[in-house]
Amino acid sequence: MKNIHISSSSAFPSTQSTALGGQEAGEKRRQGPTDQQHASSEAIRKQAVTALATSISRPEHVKALTVGLRAFNHTNESVHDEEIDTVADAALCRLLSFLLFKEYSIDEFGSRERGNCLPEVILRTCQLIEMIYRCSKAKITESFERVGPDLLRLLCHIIIHEIERYAPPLNPELSYESPPPDSKQSAIDTSRGRGDNSETQRDTCLLSATRILFLYARVPSLTELMAHHNKLLSLFITLIKYPVDVVPFEVQHNVLFILANMACCRSCVSTLSSHDRLMDTVMYAADQNRVTTVTHKTSWSDYYQPLRFNCTAFRCLLNLSQPKENKVTMVGSDNLLRSIAYVIGLQTSHWVGIPHTLHDMATQARRFAMSTLRNIASAPPEQKYRLCTFENGILLDSLCSAAQDVHDQVSKEKSFAVIFNLVCSDTAEILSMHPKLLELLVNASSLQRPSSSQESDKIELSEMPYQSLVGLSEFASCVSYDANIRLENATLIVNSNRGH
């Protein structure tokens with residue numbers, strides 16, 4: 001069987017603009033109209049929709065998709081809104097369903113219709129859907145109400161099939177309900193050779209499908225519907241767990257970003273938390289930057305993907321760390337605690353020549369990790385004790401390092417907030433006897449004055465060092481003589497400096 005070529009020899013025009021990354025796409029959508037957008041008139045758009053809705057044969061599919069690529073391949077959000085108004089989404093969803101039926105069904109003669117161009121028309125259909133979904137969130141919501149449930153089912157089918165062409169499923173739940181009778185006759189060769197154009201076809205199809213799901217997840221009201229889908233969460237877990245040489249990084253990051261968006265919705269947190277493998281998978285993702293050690297990083301670009309993955313994973317964990325049961329689970333994960341300590345210790349301001357983009361990403365990852373630690377530090381005393389004693393106190397050491405970082409005031413304040421949450425009778429001895437922590441609390445407390453917000457239940461971040469000392473002093477009866485003396489001296493110094 002001949003391989004599909006995605007190149008200048010393809011029957012379709014170039015679609016370079018469809019390769020926009022998750023965050024970059026938002027900026028592109030807000031740019032002004034281009035010459036190509038001006039050429040995409042209302043008449044051409046209607047012609048494209050009509051052609052997509054009425055094409056039956058393969059030549060008609062190619063012709064309709066070519067018109068669609070020329071009409072929809074732009075970054076003007078308002079024009080994409082008009083495309084949704086012309087029900088281009090319904091036409092494309094209907095076409096995708098028809099193409100998948102032709103691809104996987106058996107005709108009356110017992111042979112499957114599998115031409116070389118058919119898988120590519122499926123890919124191009126997905127790309128067209130991705131293009132029109134560069135519309136506003138309101139129009140995405142409108143489109144989801146019209147085609148969302150059916151499109152989700154089709155996309156799941158495509159993603160599962162494209163993965164299983166090359167590797168056995170990691171999750172038995174994701175196997176086909178009705179496997180093709182002869183997988184050797186697949187239009188894309190099942191052999192996975194390096195440089196094989198079929199591999200590029202597979203990767204591009206996975207990227208486009210997950211980008212559509214990502215665009216749905218931009219809308220908060222849709223994340224809950226996606227979280228309750230019967231296959232999406234299991235599918236996302238599988239994509240993240242596969243090695244990067246099997247599933248492209250951008251595909252994995254797309255689905256991790258979707259999970260992070262889902263976790264921002266309070267009603268989704270319980271659904272995500274109840275999934276038996278999701279928490280472990282996100283914690284696994286959060287540890288990928290640490291396990292890719294510096295010895296394997298020879299240039300700044302080697303830091304980009306693992307750090308980006310790491311940052312998104314901690315954004316997800318930050319919201320998942322709210323329920324009490326999740327705090328206990330996270331505290332019990334050795335790899336997660338090591339990853340938190342590693343990320344908190346990433347003081348990239350000291351790295352000579354680091355690109356601004358990489359520095360900003362590392363700073364964001366650090367803050368997400370710090371906030372996650374702050375949440376899980378509010379767990380019961382047994383978990384607080386484990387956090388303080390884990391691997392000879394590496395978390396406390398990392399917090400002390402962050403508390404001395406003059407280049408990141410946000411992380412500095414968050415580190416004291418974590419310490420405040422760690423204070424209890426079980427940890428008072430450890431915190432009081434730490435070689436650096438008590439001195440840092442004294443210095444930070446001496447610089448602060450009680451704020452008017454003290455009258456409320458909420459304590460300002462700037463007051464956390466002082467309140468931590470107050471909390472430790474309340475447990476003076478629970479600590480050793482040496483720790484008690486240290487606490488008394490620290491309290492005297494702080495009260496004197498604050499004019500008490």
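Within every chain, residues take consecutive numbers counted from 1 along the sequence as written. Since the coordinates come from a predicted model, pLDDT governs what is reported: local features require at least 70, and pairs of side-chain atoms require 80 or more to be given and counted, while whole-chain, interface and lining totals use all residues. To obtain the side-chain values, all non-hydrogen atoms of the structure were used and water was disregarded.

1. Considering the overall build of the protein
Stage number 1. Helix and strand assignments come from DSSP, with helices taken as H or I runs of at least 4 residues and strands as E runs of at least 2, each series counted from the N terminus. Check the secondary structure of the protein and you find 26 helices and 0 strands.
Stage number 2. Relative accessible area decides the class of each residue, using a 1.4 Å probe on protein chains only: under 20% of the type maximum gives buried, over 50% gives exposed, and in between gives partly exposed. Burial status across the protein gives 55% buried among its 500 residues.
Stage number 3. Residue contacts follow a heavy-atom distance rule, with two residues in contact if any of their heavy atoms lie within 4.5 Å. When contacts within the protein are restricted to residue pairs at least 6 apart in sequence, those whose partners lie at least 24 apart make up 78%.
Stage number 4. Entry remark: accessible area of the protein is about 21800 Å², with carbon and sulfur atoms responsible for 52%. Areas reported here follow the Shrake-Rupley algorithm with a probe of radius 1.4 Å; residue values treat only the protein chains shown as occluding.

2. Re the nonpolar core
Stage number 1. Residues belong to a common nonpolar core when they are buried Ala, Val, Leu, Ile, Met, Phe, Trp, Tyr or Cys residues joined through side-chain atoms within 4.5 Å. If you look at the biggest cluster of nonpolar residues, it comprises 148 residues, and the most contacted ones within it are Phe-72, Tyr-133, Tyr-216 and Leu-259.
Stage number 2. If one sorts the elements of this core by residue count, helix H8 (residues 137-164) sits on top with 12 residues.
Stage number 3. Once you skip the residues sitting within four places of it in the chain, Leu-259 turns out to touch Leu-233, Phe-236, Ile-240, Leu-272, Leu-278, Val-282 and Cys-316.

3. A word on the packing of aromatic side chains
Stage number 1. Pairing of aromatic rings covers Phe, Tyr and Trp, the last through its six-membered ring, and needs centres within 6.5 Å; plane angles under 30 degrees mean stacked, over 60 mean edge-to-face, and all others mean tilted. This structure, assessed with the given rule, holds 4 aromatic pairs.
Stage number 2. Aromatic ring contacts, followed pair by pair, group Tyr-133, Phe-144 and Tyr-216 into a single cluster.

4. A word on the packing of helix H12 (residues 249-263) against helix H16 (residues 301-320)
Stage number 1. For every element, the axis is a line fit to its C-alpha atoms; helices are fit only across the contacting stretch, and the angle between N-to-C directions ranges from 0 to 180 degrees. In the contact formed by H12 and H16, the axes pass within 8 Å of each other and the chain directions differ by 20 degrees. With respect to each other, H12 and H16 are oriented roughly parallel. When the axes of H12 and H16 are compared, the crossing they make is left-handed. Across the interface between the two elements, Phe-249, Glu-250, Gln-252, His-253, Leu-256, Phe-257, Leu-259, Ala-260, Asn-261 and Ala-263 of H12 pack against Gln-305, Arg-308, Phe-309, Thr-312, Ala-313, Arg-315, Cys-316, Asn-319 and Leu-320 of H16. Each angle is binned into one of four classes, with values under 35 degrees roughly parallel, values over 145 roughly antiparallel, values of 65 to 115 roughly perpendicular, and all other values oblique. In this scheme the crossing of two helices becomes right-handed for a clockwise turn of the near helix relative to the far one and left-handed for an anticlockwise turn of less than a right angle.

5. Quick look at the packing of helix H17 (residues 324-331) against helix H19 (residues 356-376)
Stage number 1. Contact geometry of H17 with H19 gives a least axis separation of 9 Å together with a crossing angle of 110 degrees. Taken together, the axes of H17 and H19 lie roughly perpendicular to each other. Remark: the crossing between H17 and H19 carries left-handed chirality. Note on element contacts: H19 touches H17 through Thr-372, Asn-375 and Ile-376, opposite Lys-327, Met-330 and Val-331.
Stage number 2. Here the contact of H17 with H19 is built from residues that sort into 3 nonpolar, 2 polar and 1 charged. Gly is placed with the polar residues, together with every amino acid not listed as nonpolar (Ala, Val, Leu, Ile, Met, Phe, Trp, Tyr, Cys and Pro) or charged (Asp, Glu, Lys and Arg).

6. Remarks on the environment of Ser-208
Stage number 1. For Ser-208, the position within the fold is in helix H9 (residues 197-216).
Stage number 2. Taking relative accessible area as the criterion, Ser-208 reaches 2% and is therefore assigned buried.
Stage number 3. As for Ser-208 and Arg-124, which are separated by 84 residues in sequence, their C-alpha atoms are 9.0 Å apart.
Stage number 4. Filtering out sequence-adjacent residues up to four positions away, Ser-208 remains in contact with Leu-123, Cys-126, Gln-127 and Glu-130.
Stage number 5. A 3.5 Å cut-off defines polar contacts: any pair of N or O atoms within that distance qualifies, except that in protein one atom must be a possible hydrogen donor and the other a possible acceptor, and neighbouring residues in sequence count only when both atoms are side-chain atoms. Among the polar contacts listed, one links the side chain of Ser-208 to the backbone nitrogen of Gln-127, at a separation of 3.4 Å.

7. With respect to the pattern of salt bridges
Any two side chains of opposite charge can pair, so long as their charged atoms come close to each other.
Stage number 1. Salt bridge, as applied in this entry: a Lys or Arg side-chain nitrogen positioned within 4 Å of an Asp or Glu carboxyl oxygen. Considering all chains together, one arrives at 14 salt bridges under this definition.
Stage number 2. With a closest N to O distance of 3.9 Å, Glu-142 and Arg-146 form a salt bridge. Of the two residues, Glu-142 and Arg-146 both sit in helix H8, 4 residues apart, roughly one turn of that helix.
Stage number 3. Note on Arg-146: relative accessible area 33%, which makes it partly exposed.

8. Quick word on helix H21 (residues 394-403)
Count 3.6 residues to each turn of an α-helix, and residues three or four apart come out pointing the same way.
Stage number 1. Counting buried positions along H21 yields 7 of 10 residues, so the element is predominantly enclosed.
Stage number 2. For H21, the full list of buried residues reads Leu-395, Leu-396, Ser-398, Leu-399, Cys-400, Ala-402 and Ala-403.
Stage number 3. Buried residues along H21 sit against helix H18 (334-344), H19, helix H20 (381-389), helix H22 (409-422), helix H23 (428-433) and helix H24 (437-446).

9. Focus: the side chain of Lys-139
Stage number 1. Within the fold, Lys-139 resides in helix H8.
Stage number 2. You can call Lys-139 buried: its relative accessible area is 17%.
Stage number 3. In contact with Lys-139, other than residues within four places in its own chain, are Asp-81, Ile-84 and Asp-85.

10. A few points about H12
Stage number 1. Each residue after the first adds 1.5 Å to the expected span of a helix. Spanning 15 residues, H12 covers 21 Å between terminal C-alpha atoms, matching the ideal 21 Å at 1.5 Å per step.
Stage number 2. Within H12, 14 of the 15 residues are buried, leaving the element largely enclosed by the surrounding structure.

11. Comments concerning unusual backbone geometry
Stage number 1. One non-glycine residue, Glu-391, adopts positive backbone phi at about 45 degrees.
Stage number 2. Here Glu-391 lies in the loop between H20 and H21.
Stage number 3. Of note in the backbone geometry, Asn-392 takes a positive phi value of approximately 60 degrees without being a glycine.
Stage number 4. Following the sequence through the fold, Asn-392 ends up in the loop between H20 and H21.

12. Considering the confidence of the model for the protein
Stage number 1. On average, residues of the protein score 81 in pLDDT, and 77% of them are at 70 or above.
Stage number 2. Along the chain, pLDDT gives the predictor's confidence residue by residue, from 0 to 100. In this model, residues 1-9 is a region of pLDDT below 50 whose contacts with residues beyond four sequence positions or in other chains number 23 contacts.
Stage number 3. Under a pLDDT of 50 for its full length, residues 450-457 has, in the predicted model, 10 contacts with residues more than four places off or in other chains.

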